[in-house]
Amino acid sequence: MKKIELEIVALSHSITQTHSYAVVLGEVNGLRRLPIVIGGFEAQAIAVALERMQPSRPLTHDLMKNFMNAFNVELMEIVINDLQEGIFYSKLICINEHDTVEIDSRTSDALALAVRFGCPIYTYDNILESAGILMEDTGKKKKTEVPVEQSSMSSSKENLSSLSVDELETLLNEVLEQEDYLRAIAIRDELKKRKK
């Protein structure tokens, strides 16, 4: 089967499931999108890597990358290779100096590692056909920045807009200490908007 390359195009709070998020993968040079529901911790792990934030201590996926690097194991690609009863299954394709190894992985963990390693994400046409969404071609160029929506975060955009710059900077430091990186992204975006 021919592999189809995907890229992360959005990360948002899931409309269908509370306390869940959706990562939306888009077909490279295509119009199909593949939404995948993931947990809050995994969403945070993906968002931290996408936003190139540097946590004070390594997150689990950073630890995994460091471990793999220490033993000269490289993540070449991830493949979302199956879909059963609404659950996506993935494999990490890893190489070392002697071997190529396929490792089963939850799709959310595979995506968090793919972002950290900068490796490609693939799936197969049958998965895109059964779970994908076809977007209309508007003729507009696709954004390169991945939107990270903050709906239903404890600090909504309305609350952030009522705070002063000093209060926002203090709050940013507090949420970084608590390792709440999704909330930190919303605060950082509000600060950027104000400084323009």
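Residues numbered from 1 in each chain as written. Predicted model: local features only at pLDDT ≥ 70, side-chain atom pairs only at ≥ 80, totals over all residues. Heavy atoms only, no water.

As recorded in an unreviewed UniProt entry, the protein goes by the name Bifunctional nuclease family protein, listed as coming from Ilyomonas limi.

(A) The arrangement of the overall build of the protein in detail. Secondary structure assignment for the protein yields seven helices and eight strands. Out of the 196 residues in the protein, the part that is buried amounts to 43%. Sequence-distant contacts in the protein: of pairs separated by 6 or more residues, those separated by 24 or more amount to 58%. A total of about 11,900 Å² of accessible surface is found on the protein, and carbon and sulfur atoms cover 51% of it. (Helix = DSSP H or I, 4+ residues; strand = E, 2+ residues; numbered from the N terminus. Buried < 20%, exposed > 50% of the residue type's maximum accessible area, 1.4 Å probe, protein only. Contact = heavy atoms within 4.5 Å. Areas by Shrake-Rupley, 256 points an atom, 1.4 Å probe, with all protein chains shown as cover.)

(B) Region of interest: the side chain of His 61. Along the chain, His 61 turns up in helix H2 (residues 60-70). Of the residues examined, His 61 reaches a relative accessible area of 11% and is grouped as buried.

(C) Geometry of the pairing of strand S1 (residues 3-13). Counting buried positions along S1 yields eight of 11 residues, so the element is predominantly enclosed. In this sheet, strand S7 (residues 121-124) lies alongside S1 in antiparallel orientation, the contact comprising four bridges. Note on S7: the bridge partner recorded for Lys 3 is Tyr 124. Of the strand pairs in this sheet, S1 and strand S2 (residues 20-27) are connected by seven bridges, and their pairing is antiparallel. Note on S2: the bridge partner recorded for His 13 is Tyr 21. (Pairing = 2+ DSSP bridges.)

(D) Focus on the pairing of S2. Most of S2 sits inside the fold, with eight of its eight residues counted as buried. Pairing between S2 and strand S3 (residues 32-39): seven bridges, direction antiparallel. Looking at the pairing, Val 24 lines up with Pro 35 of S3. What sits between the antiparallel neighbours S2 and S3 is a turn of four residues, in which Asn 29 has the positive phi angle 60°.

(E) Here's a closer look at the packing of aromatic side chains. Summed over all chains, the structure comprises one aromatic pair. For the pair Phe 67 and Phe 71, a centre-to-centre distance of 5.0 Å together with 45° between the ring planes defines the contact as tilted. Like Phe 67, the residue Phe 71 is exposed in the burial classification. One residue, Lys 3, lies across the ring of Tyr 122, its end atom 4.7 Å from the ring centre. Above the ring of Phe 117, the side-chain terminus of Lys 65 is found at 5.6 Å from the ring centroid. (Phe/Tyr/Trp six-rings, centres within 6.5 Å; stacked < 30°, edge-to-face > 60°. Lys NZ or Arg CZ within 6 Å of the ring centre and 35° of its normal.)

(F) A look at the side chain of Ser 90. By the element assignment, Ser 90 lies in strand S5 (residues 87-95). Those residues in contact with Ser 90 that lie beyond four places of it in its chain are Val 79, Ile 80, Asn 81, Ile 103, Asp 104, Ser 105, Thr 107 and Ala 110.

(G) Broad picture of the nonpolar core. Leu 25, Leu 34, Leu 75, Ile 78 and Ile 121 are the most contacted members of the largest nonpolar core, which totals 31 residues. Of all the elements in the fold, those that place two or more residues in this core are S1, S2, S3, helix H1 (40-50), strand S4 (74-84), S5, helix H3 (107-117) and helix H4 (125-131). It is H3 that contributes the most residues to this core, six residues altogether. In contact with Ile 121, other than residues within four places in its own chain, are Ile 4, Glu 5, Leu 6, Ile 8, Leu 25, Ile 78, Ile 80, Leu 111 and Ala 114. (Core = buried A, V, L, I, M, F, W, Y, C linked by side-chain atoms within 4.5 Å.)

(H) Structural detail: H1. With eight of its 11 residues buried, H1 lies for the most part within the structure. Backbone geometry just after H1 places Arg 52 at a positive phi near 55°.

(I) Quick look at the sheet that holds S5. Spatially, the eight strands line up as an open sheet ordered S6-S5-S4-S7-S1-S2-S3-S8, and their pairing is mixed. Strands at the two margins of the open sheet, each flanked by one partner only, are strand S6 (100-106) and strand S8 (133-134). Summarising the sheet, S4 and S7 pair through three bridges and their orientation is parallel. Counted as the bridge partner of Ile 78 is Ile 121 from S7. Each of S1, S2, S3 and S6 touches H1; the most contacted strand, S3, lies at about 120° to it. (Axes fitted to C-alpha atoms, helices over the stretch in contact; angles between N-to-C directions.)

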